[in-house]
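Coordinates in review
Each chain is listed here by its residues.
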Amino acid sequence: MRNTIDKSWDSILEDQWQQDYFIKLQSFLILEEKKHIIYPKKEKIFNAFNLCSFQKLKIVILGQDPYHGEDQAHGLSFSIKKGVSPPPSLKNIFKELTRDLKIRIRENGNLSKWAEQGVLLLNSILTVRKGMAGSHKKKGWEIFTDNVIKKISKNKKGIIFILWGKYAEAKKDLIDKKKHYILQAPHPSPLSAYSGFFGCKHFSKANKILSKNNKKIINWEI
């Protein structure tokens, strides 16, 4: 898998590839692929890293694991392939965009344009078995992505971490709060969106932070 990740991230993560947990994870995925359909496709597993190089990174939006429905996941948290109907959480993200920045809601749920501007759309778990949410939990991906967060925290400054929901919020202990910014809110799921996600204004808040630090703001339109 190493040869499918952007070179800027490969050098940052070079100490991970030969770790026992990662070797076991690769072996697990090889066996899974022989018996099951895995999402996203192999070439898209590191899509979040490939669209957002380490150098241009400004914001991290943390998710949990990929969508497990057919033709949904393509390696970016909360994002789906173009032409696929947005799931409920993504629809609520778009509703908040409209409330916050008056951005019109679109049926296109592909967030690649965010990634290309420096938003790392990082799931904690990077693969899933078709039709089985959380099926690749505790197979090694969490160790890998926790180390990604630690390395960002150590090697960058002024990164905005957007944490939606308790699962993402649990990652804040990996982040140096003296060097970085953390925006927290409930998850955009229909079960919790009305408990504080709606009205969090994270999109405008993130842009204000970027502007304050003389960085180019994100165009959040899809």
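Everything below is about the structure printed above this text.
Presented here is a report on the structure given in the accompanying data block. Remember, predicted model here, so these are calculated numbers, not experimental data. The residue numbers shown here count from 1 along each chain, following its written sequence. Totals for whole chains, interfaces and linings use all residues, but because this is a predicted model, local features are given only for residues with pLDDT of at least 70 and pairs of side-chain atoms are given and counted only at 80 or more. No hydrogens and no water enter the side-chain calculation; it runs on all heavy atoms of the structure.

**Topic: unusual backbone geometry**
In this structure, P40 follows Y39 across a cis peptide bond, with omega equal to -10 degrees. Mapped onto the fold, P40 is located in the loop between strand 1 (38-39) and helix 3 (47-51). Unlike most non-glycine residues, D71 shows phi in positive territory, near 60 degrees. Among the structural elements, D71 can be located in the loop between strand 2 (59-63) and helix 4 (88-101). D71 sits in the partly exposed class, given a relative accessible area of 40%. Its identity is not glycine, yet K138 carries a phi of approximately 60 degrees, on the positive side. In this text, helices come from DSSP runs of H or I with a minimum length of four residues, and strands from runs of E with a minimum of two, each type numbered from the N-terminal end. Think of it in three bands: with a 1.4 Å probe and only protein chains considered, a residue is buried below 20% of the maximum accessible area for its type, exposed above 50%, and partly exposed in between.

**A closer look at the layout of surface pockets**
Space inside the largest pocket adds up to approximately 450 Å³. Cavities and pockets are defined on a 1 Å grid built over the protein atoms alone: a cavity is a set of grid points where a 1.4 Å probe fits but cannot escape, while a pocket is an open set with protein on both sides within 12 Å along at least five of seven lines, and lining residues are those with an atom within 4 Å of any such point. Lining the largest pocket are 26 residues, with Q64, D65, Y67, F78 and H187 sitting closest to its centre. Put simply, the parts of the chain that give the lining of the largest pocket at least two residues each are strand 2, helix 4 and helix 7 (166-169). Looking at the lining of the largest pocket, the element that brings in the most residues is helix 7, giving three residues. Each residue gets one of three labels, nonpolar for Ala, Val, Leu, Ile, Met, Phe, Trp, Tyr, Cys and Pro, charged for Asp, Glu, Lys and Arg, and polar for the others, Gly among them. Per-class residue counts for the lining of the largest pocket are 15 nonpolar, nine polar and two charged. Grid points are joined across faces, edges and corners, and a volume is the space filled by probe spheres set on the points. By volume, the second largest pocket amounts to about 150 Å³. Every residue along the wall of the second largest pocket is listed here: M1, Q26, L29, I30, E33, I38, P40, K41, K42 and I45. Top element by residues in the lining of the second largest pocket is helix 2 (residues 20-35). It accounts for four residues. In terms of residue class, the lining of the second largest pocket is made up of six nonpolar, one polar and three charged.

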